[in-house]
Amino acid sequence: MSGSNPAAGSNGLAMAVLNAIQNPVILVDAAGHIAFANWEAEAFFGASASHLSRYRISTFIPFGSPLLALIDQVRERRAPVNEYRVDLSSPRLGQDKLVDLYVAPVVSEPGSVVVVFQERSMADKIDRQLTHRAAARSVTGLASMLAHEIKNPLSGIRGAAQLLESSVQDDDRALTRLICDETDRIVSLVDRMEVFSDERPVDRLPINIHSVLDHVKAIAQAGFARNIKITESYDPSLPPVFANRDQLVQVFLNLVKNAAEAVGERPDGEIQLTTAYRPGIRLSVAGSREKISLPLEFCVHDNGPGVPTDLLPHLFDPFITTKTNGSGLGLALVAKIIGAHGGIVECDSQASRTTFRVLMPVSKVPGPDDIGTPRPTGSNA
């Protein structure tokens, strides 16, 4: 366009990018003033960017905070610094403001530094997910032991009960039948646990997550969620995820089934499937200095009664369940599959709103048949 200002367009794009970041980001100038704050920073500090720009950063953080020392250190060394679990709690910012900090110099603006805040809520969920993976690994060992040490004696017990059944009186035959039935139930449970001990590599391809979710939705509406409203809110531009399609179907079928059981028979029961791209989530990999980005977010929401608060931190542990006849292995298996794919799964729950959120990396392998295709956003079942 004639007369347009390329620099203005570039600045507008930079602002849009910074405002899209899900972490608070501020620019502190050489005088200590907050020269820029993105939308997340406005929410974090509880003030508009124009209001923040009138004051020094020291006005908004607790006296003696390590953040001020970090800013001085970055200015002096002209090198970025990370600091973890910094407490910024104050009457102004509120309680439980525990954050990780990334402070970096701005080369083009001497004395200015960029500060990125990551609230520990997400980091703590990642820590819990690593604990869930360890729990799944413990179940792997337990499953292998059970398969070898319990199934063989159980088959002997069942055989003995069948022999007794032909020689006992009618009054006692019910007891031998009970032995057989309970033995079969234990064998079935062990068979389910053997899934955890299967460490064979699986075939993975670039997968369009929307085709997986559509398949899961079709199965649910034809069966256990026949009378429940299921809605969608998809990001049509989402890149593919590098995964095993069958295992992803198993994961989301399990999550949707849990949501359907939580909703129950309530007339206003609803399940919502959502996808989004969330930059900024990075996970450290054991034994490596590399961090993996987990920008793909896939969620299953329901408006059921919610998960009990005391159960929430242990929800993905084996044998934890709220169901009367549940085994407590379904969500543990979900955590194992997603963990094997390099992702994490978490749960946020309150009354009438429970969200199971799966975060996964983007596929680095191009898949011409699996690229996300545009679809209506918010379409109803």
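Residues numbered from 1 in each chain as written. Predicted model: local features only at pLDDT ≥ 70, side-chain atom pairs only at ≥ 80, totals over all residues. Heavy atoms only, no water.

**Considering the overall build of the chain**
Move 1: Helices and strands together make up the secondary structure of the chain, namely ten helices and 14 strands.
Move 2: Across the 381 residues in the chain, those meeting the buried criterion constitute 39%.
Move 3: Look at the contacts in the chain between residues 6 or more apart in sequence, and 65% of them connect residues 24 or more apart.
Move 4: If you sum the accessible surface of the chain, you get close to 20,400 Å²; carbon and sulfur atoms cover 54% of it. (Helix = DSSP H or I, 4+ residues; strand = E, 2+ residues; numbered from the N terminus. Buried < 20%, exposed > 50% of the residue type's maximum accessible area, 1.4 Å probe, protein only. Contact = heavy atoms within 4.5 Å. Areas by Shrake-Rupley, 256 points an atom, 1.4 Å probe, with all protein chains shown as cover.)

**Brief notes about the side chain of Thr-274**
Move 1: On the secondary structure map, Thr-274 appears in strand E9 (residues 270-277).
Move 2: Look at Thr-274 and you get buried, because its relative accessible area is 12%.
Move 3: There is a polar contact of 3.0 Å between the side chain of Thr-274 and the side chain of His-301.
Move 4: Not counting the four nearest positions on each side in its chain, Thr-274 is found in contact with Ser-233, Glu-297, Phe-298, Cys-299 and His-301. (Polar contact = N/O pair within 3.5 Å; in protein donor to acceptor, adjacent residues only side chain to side chain.)

**Let's talk about the pattern of salt bridges**
Move 1: The tally for this structure, following the rule as stated, stands at nine salt bridges.
Move 2: In this structure, Arg-177 engages Asp-181 in a salt bridge whose closest nitrogen and oxygen atoms are separated by 3.6 Å. Residue Arg-177 and its partner Asp-181 are both found in helix H7 (residues 170-193); the two are separated by four residues, about one turn of the helix.
Move 3: Owing to a relative accessible area of 33%, Arg-177 belongs among the partly exposed residues under this scheme. (Salt bridge = Lys/Arg side-chain N within 4 Å of Asp/Glu carboxyl O.)

**Comments concerning the packing of aromatic side chains**
Move 1: If you walk through the whole model with that rule in mind, you get six aromatic pairs.
Move 2: Ring geometry for Phe-44 and Phe-45: centres 5.1 Å apart, planes at 80°, overall edge-to-face. Pair check on accessibility: Phe-44 and Phe-45 agree, each one buried.
Move 3: Put simply, the rings of Phe-44, Phe-45, Tyr-55, Phe-60 and Phe-117 pair up and form one aromatic cluster. (Phe/Tyr/Trp six-rings, centres within 6.5 Å; stacked < 30°, edge-to-face > 60°.)

**Things to note about the nonpolar core**
Move 1: Core analysis: the biggest nonpolar cluster contains 42 residues, and Leu-248, Phe-252, Leu-255, Ile-271 and Phe-298 have the highest contact counts within it.
Move 2: The set of elements that each furnish at least two residues to this core consists of helix H8 (209-222), strand E8 (241-243), helix H9 (245-263), E9, strand E12 (296-302), helix H10 (330-340), strand E13 (344-350) and strand E14 (353-360).
Move 3: Looking at this core, the element that brings in the most residues is H9, giving nine residues.
Move 4: Excluding residues that lie within four positions of it along the chain, Leu-255 makes contacts with Val-300, Leu-331, Val-334, Phe-356 and Val-358.
Move 5: Judged by nonpolar contacts, the second largest core, of 26 residues, contains Ala-41, Val-86, Val-115 and Phe-117. (Core = buried A, V, L, I, M, F, W, Y, C linked by side-chain atoms within 4.5 Å.)

**What to know about the sheet that holds E14**
Move 1: Read from one edge to the other, the open sheet built from five strands follows the order E7-E9-E12-E14-E13, with strand pairing classed as mixed. Only two strands of the sheet have a single partner each, and these edge strands are strand E7 (229-233) and E13. For this sheet, the mean inter-axis angle between neighbouring strands, taken without regard to orientation, is 15°.
Move 2: In this sheet, E14 lies alongside E13 in antiparallel orientation, the contact comprising seven bridges. The residue bridging Gln-350 from the neighbouring strand is Arg-353, located in E14. (Pairing = 2+ DSSP bridges. Axes fitted to C-alpha atoms, helices over the stretch in contact; angles between N-to-C directions.)

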